[in-house]
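Single-letter residue listing:
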Amino acid sequence: MHRRDLLGATGALAAAAVSAPALAQPAAARTLKFIPHANLTVMDPIWTTAYVTRNSGFLVWDTLYGLDDEYKPQPQMVEGHTVENDGRLWTFTLREGLRFHDGEPVRAADCIASIARWARRDAMGTRLASLTEEMRALDDRRFAIRLSRPFGLMLDALAKPTSNVCFIMPERIAQTDAFTQIRPEQMIGSGPFTFKRDELVSGSRIVYERFAGYRPRQGGQPSGTAGPKVVHFDRVEWHIIPDFATAGAAIQSGEIDWWEIATTDLAPVLRRNRNVNVVVPDPLGSISVMRPNHLHAPMNNPRFRQALLRAVNQADYMTAVAGTDPQMWRTGVGAFTPGTPLATNAGLEVFTNNMDEARRLIRESGYNGERIVLLATTDIASLAALSQVAGDMFRRLGVNIDFQAMDWGTVVQRRARQEPIEQGGWSVFCTNWGGLDHFNPAGHLMLRGQGREGFIGWPQSQRLEALREAWFDAPDLAAQQRIAADLQRQMLEDVPYIPLGQFFQPLAHRRSITGVMQPGGIPVFWNVRRA
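Residues numbered from 1 in each chain as written. Predicted model: local features only at pLDDT ≥ 70, side-chain atom pairs only at ≥ 80, totals over all residues. Heavy atoms only, no water.

A. Inspection of the overall build of the chain at higher detail. Looking only at helices and strands, the chain has 16 helices and 23 strands in total. Over its C-alpha trace the chain gives a radius of gyration of 23 Å, about what one expects of a compact globule, namely 24 Å for 531 residues. In terms of overall dimensions, the chain has C-alpha extents of about 65 × 60 × 45 Å along its principal axes. By residue count, 61% of the 531 residues in the chain fall in the buried class. Here the analysis covers contacts within the chain between residues at least 6 apart in sequence; of these, 75% occur between residues at least 24 apart. If you sum the accessible surface of the chain, you get close to 20100 Å²; carbon and sulfur atoms cover 46% of it. Computing the positive centroid from 57 side-chain charges and the negative centroid from 55, the chain places the two 2 Å apart. (Helix = DSSP H or I, 4+ residues; strand = E, 2+ residues; numbered from the N terminus. Rg over C-alpha atoms; globule rule 2.2 N^0.38 Å. Buried < 20%, exposed > 50% of the residue type's maximum accessible area, 1.4 Å probe, protein only. Contact = heavy atoms within 4.5 Å. Areas by Shrake-Rupley, 256 points an atom, 1.4 Å probe, with all protein chains shown as cover. Lys, Arg positive; Asp, Glu negative; His and termini not counted. Charge placed at Lys NZ, Arg CZ, Asp CG, Glu CD.)

So, in structure tokens, the structure goes:
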């Protein structure tokens, strides 16, 4: 599988970018026009981990704490907190004057309901919930969380910008069951922008409007998702442009201000335009993964999943996604993000890149020709490339592959279904995670083993869960690293997912805007302004 077969030659893309039709009239000075990496089909950032939903969430909702550029939690909606009883009693105080978009004040009761809903779906949230004996409002601005034992990652959990984010919603909305999606009319937060439901054109445009009642933090500097969120645009428009050449043409012509993910094939063309800036915003990059559905054959057979490890060549996947420049991707990727304290080579020798060995293990697993449904994303360049390489790998393995092409929004809906293959179910899909998501076991959803009650794919492994619990109790970094190595070995035994490599994605923006930030790959729309 060659990169030119996946995305076409750079020259062809460049020519298409130059000749692509205009989108619209030039943006007004007080309107920021942005191309997200995917269409927004799910509004609820608790129901899904989809990054496009999380990114939208940061416009509409706010968080109790933000995470700065040094990965340290900083107060955001809270004025401060106290810790008593040897770390078992936390008391939080909200800043004065916080209001939701409907004019209602933000209350402690809203925070409690929001934390409770988030904690049912998030990896760190479930840990916090397991230790929580009581959450109660002390008054409208203060609430307390009483724990059965200390939880040193309390602020990290409330501040983390990775999916799922602990966004604060009005109590009546946060009381929605965590496994039921909130509706578009419930997109009410206290964040710097309001969601313009009346201007939503699904698959084409999403609009946000500056919330005049938003009160940024006072003092400090913008850093990550922390610090003052000062809005300089009255309106933010997301334009859904699935054709990459058209997107490239729009950023070059000035019809679009900011492109979240510029394809690596078009990046050299954009760099030659003196009015466009192309940068790689996230040093932790993205981690590509293949996620099997552990509920149905043949992916419910660990021996079949282990066979796939022998077939995966991470370099094939990364070259398809990010090109031939080795500075833009890495192989030898295991459970944890390369270059971070818990990254390890333990057990990675199973990636033999030996198709004959993989075919033999598939035969020995008892595979009987069951249909394998691959949910193949078409409208996100990196996921389209991963899906094509995966499809080619399965075909070379000689299995009964059903390659079903669809946009990412449809994948997000389909992957949540637990029904059998014959009833619209699925077998496997490829996706990306931010490097921060795989920094440690605390928020690492791919490493959970909770079965049907857990994250999409639903692997079950008591050993993975036990090791994760042991990591939380580890007394120091050396002990954490030993447990991380054991976790990776167990991951390669149970195969809840298959790591496909790490790559680095550029963004592109017009030089006429300044302050563009994508911390951890998250585009934030405060503190950005026209030059």
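Read on, since the account is not over.
B. How the structure looks around the sheet that holds strand β17 (residues 372-377). Taken in spatial order, the 6 strands of this open sheet run β16-β20-β15-β19-β17-β18, and their pairing is mixed. Sheet topology places β16 (329-330) and β18 (401-406) at the edges, where each strand pairs with a single neighbour. (Pairing = 2+ DSSP bridges.)

C. Expanded view of the sheet that holds strand β8 (residues 142-147). As summarised here, the arrangement of the 4 strands in space is β5-β6-β8-β7, forming an open sheet in which the pairing is antiparallel. Strand pairing shows two members of the sheet lacking a second neighbour, β5 (78-84) and β7 (132-137), which therefore form its edges. Neighbouring strand axes in the sheet, compared pairwise and without regard to direction, differ in orientation by 15° on average. As paired elements, strand β6 (residues 89-94) and β8 share 5 bridges and run antiparallel to each other. (Axes fitted to C-alpha atoms, helices over the stretch in contact; angles between N-to-C directions.)

D. Quick look at the pattern of salt bridges. Considering all chains together, one arrives at 35 salt bridges under this definition. Arg142 serves as the salt-bridge partner of Asp139, at 2.9 Å between the closest nitrogen and oxygen. The class for Arg142 is partly exposed, based on a relative accessible area of 34%. Notably, a salt bridge pairs Arg235 with Glu199, separated by 2.5 Å at the nearest N-O pair. Taken together, the residues Arg235 in strand β12 (residues 235-239) and Glu199 in the loop between β10 (193-195) and β11 (205-210) connect sequence positions 36 residues apart. Here Arg235 matches Glu199 in class, with each residue buried. Taken together, the shared-partner salt bridges connect Lys33, Glu199, Arg205, Arg235 and Glu237 into one network. (Salt bridge = Lys/Arg side-chain N within 4 Å of Asp/Glu carboxyl O.)

E. Main features of the packing of aromatic side chains. Tallied over the full model, the rule gives 20 aromatic pairs. Ring geometry for Trp61 and Phe167: centres 5.9 Å apart, planes at 35°, overall tilted. A residue pair is termed long-range when its members are at least 10 positions apart, and Trp61 in the loop between α3 (51-60) and β2 (62-63) and Phe167 in strand β9 (residues 167-168) qualify at 106 residues. On the basis of relative accessibility, which here comes to 1%, the residue Phe167 falls in the buried class. Site record: aromatic cluster; members linked through ring pairs are Phe34, Phe195, Tyr208, Trp238, Trp258 and Phe525. When the ring centre of Trp526 is taken as reference, the NZ or CZ atom of Lys229 above it lies at 4.3 Å. Sitting over the face of the ring of Phe403, Arg395 holds its NZ or CZ atom 5.8 Å from the ring centroid. (Phe/Tyr/Trp six-rings, centres within 6.5 Å; stacked < 30°, edge-to-face > 60°. Lys NZ or Arg CZ within 6 Å of the ring centre and 35° of its normal.)

F. Just the packing of helix α4 (residues 108-119) against helix α5 (residues 123-131), in detail. Taken N-terminus to C-terminus, the directions of α4 and α5 make an angle of 115°; their axes are 7 Å apart at the nearest point. It follows from the interaxial angle that α4 and α5 lie roughly perpendicular. From α4, Ile115, Trp118 and Ala119 reach across to α5, where they touch Gly125, Thr126, Leu128 and Ala129. For the contact of α4 with α5, the residue count by class is 5 nonpolar, 2 polar and no charged. (Parallel < 35°, antiparallel > 145°, perpendicular 65-115°, else oblique. Nonpolar A, V, L, I, M, F, W, Y, C, P; charged D, E, K, R; others polar.)

G. View of unusual backbone geometry. The step from Ser163 to Asn164 runs through a cis peptide bond, and the omega angle for that step is 0°. With respect to the secondary-structure elements, Asn164 resides in the loop between α6 (154-159) and β9. Each neighbour pair has its own omega, and for Ala297 with Pro298 the value is 0°, a cis peptide bond. By secondary structure assignment, the location of Pro298 is in the loop between β15 (286-292) and α10 (302-311). Even without glycine at this site, Asp86 takes up a positive phi of about 55°. As for its position among the elements, Asp86 is in the loop between β5 and β6. One non-glycine residue with positive phi stands out, namely Trp458, at about 55°.

H. Looking closely at the side chain of Asp110. Take Asp110: it is sitting in helix α4. In this structure the side chain of Asp110 is engaged in a polar contact, spanning 2.7 Å, whose partner is the backbone nitrogen of Arg107. When residues no more than four places from it in sequence are discounted, the contact partners of Asp110 are Phe100, Pro105, Ile168, Met169, Pro170 and Glu171. (Polar contact = N/O pair within 3.5 Å; in protein donor to acceptor, adjacent residues only side chain to side chain.)

I. Representation of the environment of Ala137 within the structure. Structurally, Ala137 can be placed in strand β7. As a C-alpha pair, Ala137 and Ala109 span 28 residues in sequence and 5.9 Å in three-dimensional space. With near-sequence residues (within four places) excluded, Ala137 lies in contact with Ala108, Ala109, Ile112, Arg142 and Phe143.

Take it as geometry only, folks, not as evidence of what the structure does.
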